[in-house]
Every structure is written in C-alpha cells, then in structure tokens.
Amino acid sequence: MTNRVNFAKTAPKAFKALIAFDAAARGELDPALVELVQIRSSQLNGCAYCLHMHTSDARKAGESEERLHMVAVWRDASSFFTEKEQAALALAEAVTKISGGVPDDVYATAARHFDETELGHLLALIFTINTWNRIAISTGKVPGTDERA
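Described in the following lines is the structure provided in the data block. (Residues numbered from 1 in each chain as written. Predicted model: local features only at pLDDT ≥ 70, side-chain atom pairs only at ≥ 80, totals over all residues. Heavy atoms only, no water.)

**Regarding helix α2 (residues 12-26)**
- For α2, spanning 15 residues, the distance from its first C-alpha to its last is 21 Å, which sits close to the expected 21 Å at 1.5 Å a residue.
- Looking only at α2, the buried set comprises Leu 18, Asp 22 and Ala 25. With its buried residues spanning 65° around the axis, α2 presents them on a single face. The outward face of α2, more than 90 degrees from its buried face, is lined by the exposed residues Lys 13 and Lys 16.
- Next to the buried residues of α2 lie α3 (31-45) and α8 (116-138). (Helix = DSSP H or I, 4+ residues; strand = E, 2+ residues; numbered from the N terminus. Expected span 1.5 Å × (residues − 1). Buried < 20%, exposed > 50% of the residue type's maximum accessible area, 1.4 Å probe, protein only. Arc of directions from axis to C-beta. Contact = heavy atoms within 4.5 Å.)

Written as structure tokens, this is what we have:
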C-alpha cells in the first residue's frame, strides 16, 4: 500500500473535534458497554485496526475473553450479555448497517433499556466509532499499532 494521509496531522481541527465528540459520547455510558459497541461496529465495518484497539481496551478494563469471543455472534450467545447490552448491540448493528434504516422495534428496545440521555450518548458513540472505522480504513491504519499514545 502506498503512504496515505495522516488524518490527525493533515486535518488537526477535524481530528480534535472528533476526539472531543467521542469523549462526550462516552460520558453517560458504562465503559464495558462502550467497548462492546465499538467492537461490534468495527467487526461489521471490517476495521481490523479499531477491532484490535477496542478488544485490547476491553481486556485492560477486565472484559473476559469468553465474552469478547461471543460479540460477533451475540444473538446466538445471548446468555453472555445482559438485555441492556443486547439492546445496545442491536442498535449498533442497525445504525452501522444504516441502509435499511433503524427498525422501530430495535429503537424501542434500546429506549426501554436506556433513558433519553443515555440513548443520545449511545447513538453518539455509534456515530463516532463508525467515523473512526472509516478514517482507519481509508487511511490504511495498521492493525496492532495504536497511535493514541
């Protein structure tokens, strides 16, 4: 692959704005749930860079290997996840695969498990991880490297 633009250096205002948006999105959410949502969206988008980063972050935060292995098949492994986590994962999938819209039942289920503030933050989190995935994929980020430090 040829060298690609370094988004953080070439568009620093946009990069910093996205970092601030991402931080704000996390504010009202459980950190473990944040990682599960970011992992699932990254799986759907095929973003190996973000998938590696967020599974590593989840492990550091105490997430079990068993649950991490089940995120991709969470519907078939529902006993591994709370109803609230399942609602968040379903919403993450619907927003990530937005072409068909977000089904009313998926939204309603999420709204039953999250108050309005949490739901707004959950949506913002899903928006940010989808943006980060697109940045990492478009700019050729290498899985296993972490440029946050």
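**Some remarks on the packing of helix α6 (residues 83-96) against helix α7 (residues 104-113)**
- Axis separation between α6 and α7 bottoms out at 9 Å; the angle between their running directions is 140°. Our classification of the angle between α6 and α7 gives oblique. Two packed elements cross with a definite hand, and for α6 against α7 that hand is left-handed. The residues of α7 that touch α6, namely those facing Glu 83, Lys 84, Ala 87, Ala 90, Leu 91 and Ala 94, are Val 106, Tyr 107, Thr 109, Ala 110 and His 113. (Axes fitted to C-alpha atoms, helices over the stretch in contact; angles between N-to-C directions. Parallel < 35°, antiparallel > 145°, perpendicular 65-115°, else oblique. Left-handed = near helix turned anticlockwise from the far one by under 90°.)

**Describing α8**
- Look at α8: 33 Å from first C-alpha to last across 23 residues, which is about the 33 Å you get at 1.5 Å a residue.
- Of the residues flanking the start of α8, the one acting as N-cap is Asp 115, its side-chain oxygen 3.1 Å from the backbone nitrogen of Thr 117.
- In the segment just after α8, Gly 140 is the residue with positive phi, at about 70°. (Polar contact = N/O pair within 3.5 Å; in protein donor to acceptor, adjacent residues only side chain to side chain.)

**Some thoughts on the nonpolar core**
- Judged by nonpolar contacts, the single largest core of 29 residues is most densely connected at Leu 29, Val 37, Leu 91, Phe 114, Leu 122 and Ile 126.
- Of all the secondary-structure elements, those providing two or more residues to this core are α3, α6, α7 and α8.
- Looking at which element gives the most residues to this core, the answer is α6, with 8 residues.
- Among all residues touching Leu 29, those that are not within four sequence positions of it are Val 34, Phe 114, Glu 118, His 121, Leu 122 and Leu 125. (Core = buried A, V, L, I, M, F, W, Y, C linked by side-chain atoms within 4.5 Å.)

Keep in mind that these numbers describe shape and distance, not what the molecule does.
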